[in-house]
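One-letter residues, chain by chain:
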Amino acid sequence: MTRSEPVSPLLRPSLKGTLMNRATYRRARTRVVASSTGVVLTALLAGCGGSGGTVAAGASGAATDAEGTASAACGQVPTIAPKDPDGAVKALPADLQKAYNAYGEEVFASAWQNKKALGRAAKVGFSYLPASNAFAGAVIKQVETSFAAAKADGLVQGKLVKRIMTDPATMTPAEQIRGYNELVDSGVDIIYITPLSGDAMVSAVDAAGKKGVVTVALGSTIRSKYAVNVAENAYLNIAAPTALVAGQLNGKGNVVIVRGFQGLSTETIGYQAVKDVLAACPDLKVLGQVNGAFVPPVAKAELLKFLASHPQQIDMVAQLGVMGSGVYAAFDSTGRDTPKVVDAGASASSLASWKKLETADGYETAGTGGNGTQEAKAWFTVGMMVMAGDGPKVGTITREPSVITKANLADYLPAGAKVSDLGEVEDGEAWMPQSYLDQFFDNPSQS
Amino acid sequence: MMTTQQGSLDTAAPLAPDITAPAPPEGLSAAQRLLSLQRRFPLVQLLLTVAVLGWGAAAMPGFLDPTSLRSVLVLCALTGLASIGQTLVVLIRGIDLSLAGFIVAGAVTVTQFGDVPGVPLPVMLVLAVVCGGATGGLVGYLCHRFAIHPIIVTLAAGSIAVGVTAVLSGGGTGAGAPGWVVRLSAPMSSTFGLPVPPVVVIWGLAVVAVSVLLHRTRSGRRLLATGASPVAAELAHISTRKVWVTVYAVSAALAILAGVVLAGFAGNVDNRLGNPYLFQSIAAVVLGGTAFGGPGSYTRTTVGVLLLTTVSTVLVGLGFQEADQQILNGVVILAAMALYGRERRLRDQV
């Protein structure tokens, strides 16, 4: 005790050395003042940032690129020339060029266009993300199946050398690069990879390419001439169904945007696509946006927070991929009317919700399909074509998205799918069949 | 009879509500009394929660509608249930990063193993809880026996839990949680006719149960004594190793059960389900004012959960960007850590 203070005799025995003295008082006072900083900071942020969260539909500068702005009417997808520094896209047949509309990243000519056939069975490496969802599980399974079939045909040898990260909570691009370099050092001829970050992989892929190792990427684009990217057009994949839904609403209504894992290039491109489409519809008002991190339960939780503070009618939810089931679940659990959900990257669960609503009251929306099995099959085929010396004309092979509408919903909805079903959608439209892939190679007959 | 600075360890009563914080002496000014009260109860956090609620109500019409409040309460309950184990672990100067892994294990159990022929779901759940508890207990033993920091061991345990779950389930995706599990956390569901979602009622009961356990039982007092001073606790013949083993076992078992409830909320499960709750559980404990090794309580964590969720909901509603929210969350947690984390060292100097 450093100073005497009046103390109740009843409390004295239990207080002993912990009685509040001047120093304690000062600390406690400081604690109250500092604790209040939460409210002050919140208020400050509200003043300077609150309005920033609402995207003005007309303020995005729609469809701007190096070759200028191409505006579109409400309900239509903007036409934007791709970044084509080598003229590789322009050299493709006209109908293929449409798939590159607004492609978000540079499309290079492939460094493997003049590669000769390996002349022996290839050693294959496989670098992949954790099997944390149905898509990833299907990709891994299909790659193993394709590898076994290729081995039987004498195209590959040995075992599929895998470097699959295990924990989505702790995985990093650095961890993947380390595994990728191990594959290179192990002497493989070709590496199939789905990069966690396409940009982070560029140096490693360049270095491997100079050693003659071919890299074939699925999903994200690696901006290296030594990578052959097999990917959906991330812009069209979001813009196409969003434009359709905007048209269904006659360009009027309230919109909520559910973003993915911000910082990923596909998310940035998809978000730009939403903004570009909405920019053409001045009567579509964006109420706000939430961060769903590409995880349906996270999307549901964040949407519940948003809905708790927005009682007004919501007409459209533009989610940036694979979170449709979380969006449907959020509205269902609150008993509110379900808006038109842009079901990009649809799942069996989201399509089951769509079907349930359609059956009940004629609900209509739009989405995009594709599943891990068919994508992995095309991915593996592309790699084998490169190794056979078929000569890829372009470093990125993409396609126009498989748009799901009321007309073809049944083609994508698995039989008996339930709202709680975590599975993937059915094939629906073929995803890069052999005849389609052949058009991207100089000598497709060699494979 | 053994005694510590926190009182008798062999008797369950009489005890103050928070035995690590003194009651205010008489003769103090009103301000001093308030500050003294703050030491025993997270008054500022509670007032902040009310203020943020008021702000949200003023800024957003309909924010305090019953439907909205039920949604927010469900989110609070989910985070609150996931934070029980973290609170107990922090009170013994530990931390539990395996939480996310065990949540996934519990969620997968209810979604994937609910229809195993001849094995009813309750049996599967008991098995999962026992296995999780055993793994958690092993974590506590390893940390204590070999003086390994819990960050390392619990991180590994979380990965193992996710991996083993994936192996046992064959990497399958399951068919979703049973209807009764889904209804537990549906904002529009009711409990015995009351318009309160069952998960909120469960959380309320958990708050009472954990508070009683911590502050009204011998086991709870041993736990608090272990956190306050492991050396003194050993001198008082408390087996701190047994406390560590028990606390980590309980934390893992509770995470398994939290995973069951979260599976119902999520509808379907993948192995990222638990990730958000790992950060939120730590943030809620810290925001509530529980320091590593105590003082603290689950009541504090409960208030931390309310504040965290309310602030987050208001920020989302007002259209803040993710980056804004992250900045604010970080600053508030740092402020809380600076204040409550400092208290322990100062108190130990007395």
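Residues numbered from 1 in each chain as written. Chains lettered and ligands numbered in written order. Predicted model: local features only at pLDDT ≥ 70, side-chain atom pairs only at ≥ 80, totals over all residues. Heavy atoms only, no water.

Applied cut-off: UniProt positions are given in the numbering used here, feature names are shortened, and annotations may be inferred rather than shown by experiment.
In the nomenclature of an unreviewed UniProt entry, chain B is known as ABC transporter permease of Streptomyces fuscichromogenes. Under the Subcellular location (unreviewed entry) heading, UniProt states for chain B: "Cell membrane".

## Looking at the packing of aromatic side chains
Residues and elements named next belong to chain A. Which entries qualify depends on this criterion: We call Phe, Tyr and Trp rings a pair once their centres come within 6.5 Å, taking the six-membered ring for Trp, and we label the pair stacked below 30 degrees between planes, edge-to-face above 60, and tilted otherwise. Helix and strand assignments come from DSSP, with helices taken as H or I runs of at least 4 residues and strands as E runs of at least 2, each series counted from the N terminus. For every residue, the accessible area obtained with a 1.4 Å probe (protein chains only) is divided by the maximum for its type, and the residue is called buried under 20%, exposed over 50%, and partly exposed between those limits. Placement of a charge over a ring requires the Lys NZ or Arg CZ to be within 6 Å of the ring centre, with the centre-to-atom vector within 35 degrees of the ring normal.
Following the criterion strictly, the structure yields ten aromatic pairs over all chains and no others. Between the aromatic rings of Tyr-192 and Phe-380, the centroid separation amounts to 4.8 Å while the plane-to-plane angle is 10°, which identifies the pairing as stacked. Of this pair, Tyr-192 sits in strand S3 (residues 190–193) while Phe-380 sits in helix H13 (residues 372–387), and the two are 188 residues apart along the sequence. Classification of Tyr-192 as buried rests on a relative accessible area of 0%. Among the residues examined, Phe-380 registers a relative accessible area of 3% and is labelled buried. Clustering of aromatic rings is evident, with ring pairs tying together Phe-126, Tyr-128, Tyr-192, Trp-379 and Phe-380. Above the face of the Tyr-271 ring, Arg-259 is positioned so that its terminal group lies 3.5 Å from the ring centre.

## Overview of the state of the cysteines
Residues and elements named next belong to chain A. Put simply, the rule reads: The disulfide criterion used throughout: a pair of cysteine sulfur atoms within 2.5 Å.
On inspection of all chains with the given rule, the structure shows one disulfide over all chains. Covalently, Cys-74 is tied to Cys-281 through a disulfide, its sulfur atoms 2.0 Å apart. Residues Cys-74 and Cys-281 share a disulfide whose torsion about the S-S bond is about 100°; that sign makes it right-handed. Pair noted here: Cys-74 is in the loop between helix H3 (37–49) and helix H4 (94–97) and Cys-281 is in the loop between helix H9 (265–279) and strand S7 (284–291), with a separation of 207 residues, a long-range link.

## What to know about the sheet that holds strand S1 (residues 122–128) of chain A
Residue and element names in this part refer to chain A. Put simply, the test is: Pairing between strands is defined by DSSP: at least two bridges between them are needed. Contact definition: two residues touch when any of their heavy atoms are within 4.5 Å. Lines fitted to C-alpha atoms define the axes here, with helix axes fitted over just the stretch in contact, and angles between the N-to-C directions of these axes take values from 0 to 180 degrees.
In space, the six strands of this open sheet follow the order S2-S1-S3-S4-S5-S11, with parallel pairing throughout. Strands with a single pairing partner mark the edges of an open sheet, and in this sheet they are strand S2 (156–164) and strand S11 (396–397). The pairing of strand S5 (residues 227–230) with S11 spans two bridges and is parallel. Among the inter-strand pairings, Asn-229 is bridged to a residue of S11, identified as Thr-396. Sheet strands in contact with H13 are S1, S2, S3, strand S4 (214–218), S5 and S11, and its direction is about 160° off that of S4.

## Looking at unusual backbone geometry
A cis amide bond, omega 5°, links Gly294(B) with the succeeding residue Pro295(B). Take Pro295(B): it is sitting in the loop between helix H12 (275–288) and helix H13 (298–317). Here the phi dihedral of Asn250(A) falls at roughly 55°; this positive angle occurs in a residue that is not glycine. On the secondary structure map, Asn250(A) appears in the loop between helix H8 (234–248) and strand S6 (253–259). Its relative accessible area of 63% is what places Asn250(A) among the exposed residues. Phi is positive for His237(B), which is not a glycine, with a value near 65°. Structurally, His237(B) can be placed in the loop between helix H10 (230–235) and helix H11 (240–266). Under the relative-accessibility criterion, His237(B) is labelled exposed at 67%.

## Focus on the sheet that holds strand S9 (residues 340–343) of chain A
Residue and element names in this part refer to chain A. Reading across from one edge, S7-S6-S8-S9-S10-S12 is the order of the six strands in this open sheet, with mixed pairing throughout. One side of each edge strand has no neighbouring strand; the edge strands of this open sheet are S7 and strand S12 (403–404). Contacting S6 and S7, helix H10 (residues 296–308) runs over the sheet at an angle of about 125° to S7.

## Description of H12(B)
Counting along an α-helix, one turn takes 3.6 residues, and residues three or four places apart therefore face a common direction. The following threshold applies: What a helix is expected to span follows from its residue count: subtract one and scale by 1.5 Å.
Taking 1.5 Å of rise per residue, the 14 residues of H12(B) would be expected to cover 20 Å, and the 21 Å separating its terminal C-alpha atoms lies within 8% of that figure. Within H12(B), the full set of buried residues consists of Tyr277(B), Leu278(B), Ser281(B), Ala283(B), Ala284(B), Val285(B), Val286(B), Leu287(B) and Gly288(B).

## Details of a nonpolar patch on the surface
Residues and elements named next belong to chain B. This is how the line gets drawn: Here the term patch refers to residues with relative accessible area over 30% and no salt bridge, with like charges joined within 9 Å and nonpolar side chains (Val, Leu, Ile, Met, Phe, Trp, Tyr) within 5 Å. For every accessible area listed, the method is Shrake-Rupley and the probe measures 1.4 Å; residues are considered covered only by the protein chains on display. Salt bridge criterion: a side-chain nitrogen from Lys or Arg within 4 Å of a carboxyl oxygen from Asp or Glu.
A surface patch of nonpolar side chains, amounting to about 550 Å² of accessible area, comprises Leu-138, Tyr-141, Phe-146, Ile-148, Ile-151 and Ile-152. Elements with a contribution of two residues or more to the nonpolar patch: helix H5 (121–145) and helix H6 (150–168). Examined against the element boundaries, Ile-151 turns out to sit in helix H6. Taking the relative accessible area as the measure of exposure, Ile-151 reaches 38% and is therefore partly exposed.

## Brief notes about the pattern of salt bridges
Residue and element names in this part refer to chain A. Using the criterion set out here, one finds eleven salt bridges over all chains in the structure. The salt bridge partner of Lys-305 is Glu-302, with a shortest N-O separation of 3.1 Å. Remark: Glu-302 and Lys-305 occur in helix H10; sequence separation between them is three residues, near one turn of the helix. Accessibility assignment for this pair places Lys-305 and Glu-302 in one class, buried. Lys-355 is the salt-bridge partner of Glu-358, the closest N and O atoms lying 3.1 Å from each other. Within this pair, Glu-358 and its partner Lys-355 are both found in helix H12 (residues 348–361), separated by three residues, close to a single helical turn. Taken together, the shared-partner salt bridges connect Glu-106, Asp-199 and Arg-223 into one network.

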